[in-house]
Amino acid sequence: MDFQHEDGPEQQAFRKEVRAWLDANVDPKMKASTREEMEPGVYDWAYEFARKLGAKGWLHPTYPKEYGGGGLPADLASIIGEELEAREVPVVTGNTLDLPALAVWGTEEQKQKYLKGRLTGELVAYQNFTEPGAGSDLASLKTRAVRDGDDWLISGEKVYVSGSHGKDRPRTPDFLFTIAVTDPDAPRHRNLGYFLVPTNVPGISLQPMNLMTGNGQNHVYMDNVRVTGDRLIGGESQGWQVANSTLEHEHGGRGDLPPKNRTMEAFLRLTSDKGLAKDSHS
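Presented here is an overview of the structure given in this document. Nothing here was measured: the structure is a model prediction, and the numbers come from that model.

Reading guide: rules and limits
- Per-chain numbering applies: the sequence of each chain, read as written, is numbered from 1 onward.
- In keeping with the predicted nature of the model, local features appear solely for residues at pLDDT of at least 70, side-chain atom pairs appear and are counted solely at 80 or more, and the whole-chain, interface and lining totals rest on all residues.
- Excluding hydrogens and water, the side-chain figures rest on all heavy atoms present in the structure.
- To get an axis, a line is fitted to the C-alpha atoms, and for a helix only the part in contact is used. The angle between two axes follows their N-to-C directions and goes from 0 to 180 degrees.
- Secondary structure elements follow DSSP: runs of H or I no shorter than four residues count as helices, runs of E no shorter than two count as strands, and numbering proceeds from the N terminus.
- Reported orientations rely on four angle classes, namely roughly parallel under 35 degrees, roughly antiparallel over 145, roughly perpendicular from 65 to 115, and oblique for the rest.
- Take the far helix as the reference: if the near one is turned anticlockwise from it by less than a right angle, the crossing is left-handed, and if turned clockwise, right-handed.
- Whether two residues are in contact is decided by their heavy atoms, any of which lying within 4.5 Å being enough.
- For this scheme, ten residues count as nonpolar: Ala, Val, Leu, Ile, Met, Phe, Trp, Tyr, Cys and Pro. Four count as charged, namely Asp, Glu, Lys and Arg, and the remainder, Gly too, count as polar.
- Buriedness for pockets is judged along seven lines, at least five of which must meet protein on both sides within 12 Å for an open set on the 1 Å grid over protein atoms alone, while cavities are sets there where a 1.4 Å probe fits but cannot get out, and lining residues have an atom within 4 Å of a point.
- Grid points are joined across faces, edges and corners, and a volume is the space filled by probe spheres set on the points.
- Salt-bridge detection follows one rule: a side-chain nitrogen of Lys or Arg within 4 Å of a carboxyl oxygen of Asp or Glu.
- Centre distance within 6.5 Å is the pairing criterion for rings of Phe, Tyr and Trp, where only the six-membered ring of Trp is used; planes under 30 degrees apart are then read as stacked, over 60 as edge-to-face, and the remainder as tilted.
- Note on classification: 1.4 Å probe, protein chains only; a residue is buried when its accessible area is under 20% of the maximum for its type, exposed when over 50%, partly exposed between these limits.
- Geometrically, a charge over a ring is one whose NZ (Lys) or CZ (Arg) sits within 6 Å of the ring centre while staying within 35 degrees of the ring normal.

1. Considerations on the packing of helix α1 (residues 9-25) against helix α3 (residues 74-86)
Phase 1 of the analysis: As a packed pair, α1 and α3 sit with axes 10 Å apart at the nearest point and diverge in direction by 40°. As summarised for this structure, α1 and α3 are arranged oblique, according to the angle between their axes. Crossing of α1 against α3: the hand is right-handed. Judged by residue contacts, Glu-10, Gln-11, Phe-14, Arg-15, Val-18, Arg-19 and Leu-22 of α1 engage Asp-75, Leu-76, Ile-79, Ile-80, Glu-82, Glu-83 and Leu-84 from α3.
Phase 2 of the analysis: When its residues are assigned to classes, the contact of α1 with α3 shows seven nonpolar, one polar and six charged.

Here it is in structure tokens:
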């Protein structure tokens, strides 16, 4: 049975367009790395290149054009991914798990203000969910959000907060998408809010965690961080439902084509080059 896929005329024309654009915009010396962290020069280039893709609508090509996406069908969007993969182009986007939550639950104003910047790569965000005592049982989290007029004051502690970072030049995110208890007297799953917490305000700090695997994770402390009302996504008691739009995406519901496993490919090439691939014990 022949599983070979062949492009139709529309796909062929679009692939030609993508290749021409990449020829003009990709530095062939910049390659994706199999290591946990890129070298600073590659990382910085990849970060800026993501913004170029975003300006063209190709960073998140299936999202609507009016919010910064490309408005493309899946078959054309996959061509972009295939061509980037074929050239081993590094693209730094940071965490993107907030995108479905913003697309589904955000108001039109919130989509224009936050989703659009996320889809074009102009805004960077980290996921800010896990706590020292709330990981697998996320609904038991302790972070609190207290209403203060039209704003909210958020206090709490989060761990293993990761996103876009380089070896020597970490990127400070523009906001942390965070769930916090808005009503301590309400039942579980009806007592949370989903907030876009800014990082350029008093009361918040991100500290790298000294882990054996590297410093790609952060410890986040929030002490009465003021968050304006327009940064609450969904209702003040709908945070669990909004968060599940993020979690479903995180757990494999995004429908993306998985990238090649470059580490495994390098291992298989090595075993083949050394003649070990034919060894029944290898």
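Don't stop here, the text continues.
2. What to know about empty space enclosed by the protein
Phase 1 of the analysis: Under the definition given, this model contains one cavity of 30 Å³ or more.
Phase 2 of the analysis: If you add up the space inside the largest cavity, you get close to 60 Å³.
Phase 3 of the analysis: Along the walls of the largest cavity sit Tyr-47, Ala-50, Leu-59, His-60, Val-92, Thr-93, Arg-118, Gly-121, Leu-123 and Val-124, which together make up its complete lining.
Phase 4 of the analysis: Classifying every residue of the lining of the largest cavity by side-chain character gives six nonpolar, three polar and one charged.

3. Topic: the pattern of salt bridges
Phase 1 of the analysis: A complete count under the given rule lists 13 salt bridges for this structure.
Phase 2 of the analysis: Here the residues in one salt-bridge network are Asp-7, Arg-15, Arg-19, Glu-82 and Glu-83, joined through shared partners.

4. Here's the deal with the packing of aromatic side chains
Phase 1 of the analysis: Tallying each qualifying case throughout the model produces nine aromatic pairs.
Phase 2 of the analysis: Taking the centre distance of 5.9 Å and the plane angle of 45° together, the rings of Trp-21 and Phe-49 count as tilted. Here Phe-49 lies in helix α2 (residues 40-56) and Trp-21 lies in helix α1, a separation of 28 residues in the sequence.
Phase 3 of the analysis: A relative accessible area of 2% means that Phe-49 is categorised as buried.
Phase 4 of the analysis: Their ring planes at 80° and their centres at 6.2 Å tell us that Tyr-114 and Phe-175 sit as a pair that is edge-to-face. Of the two residues, Tyr-114 sits in helix α5 (residues 108-120) while Phe-175 sits in strand β4 (residues 175-181), which places them 61 residues apart along the sequence.
Phase 5 of the analysis: What makes Phe-175 buried here is its relative accessible area of 1%.
Phase 6 of the analysis: Each residue in the set Phe-14, Trp-21, Trp-45, Phe-49 and Trp-58 is aromatic and connected to the rest through ring pairs, giving one cluster.
Phase 7 of the analysis: The ring centre of Trp-58 lies 4.8 Å from the NZ or CZ of Lys-56, which sits over that ring.

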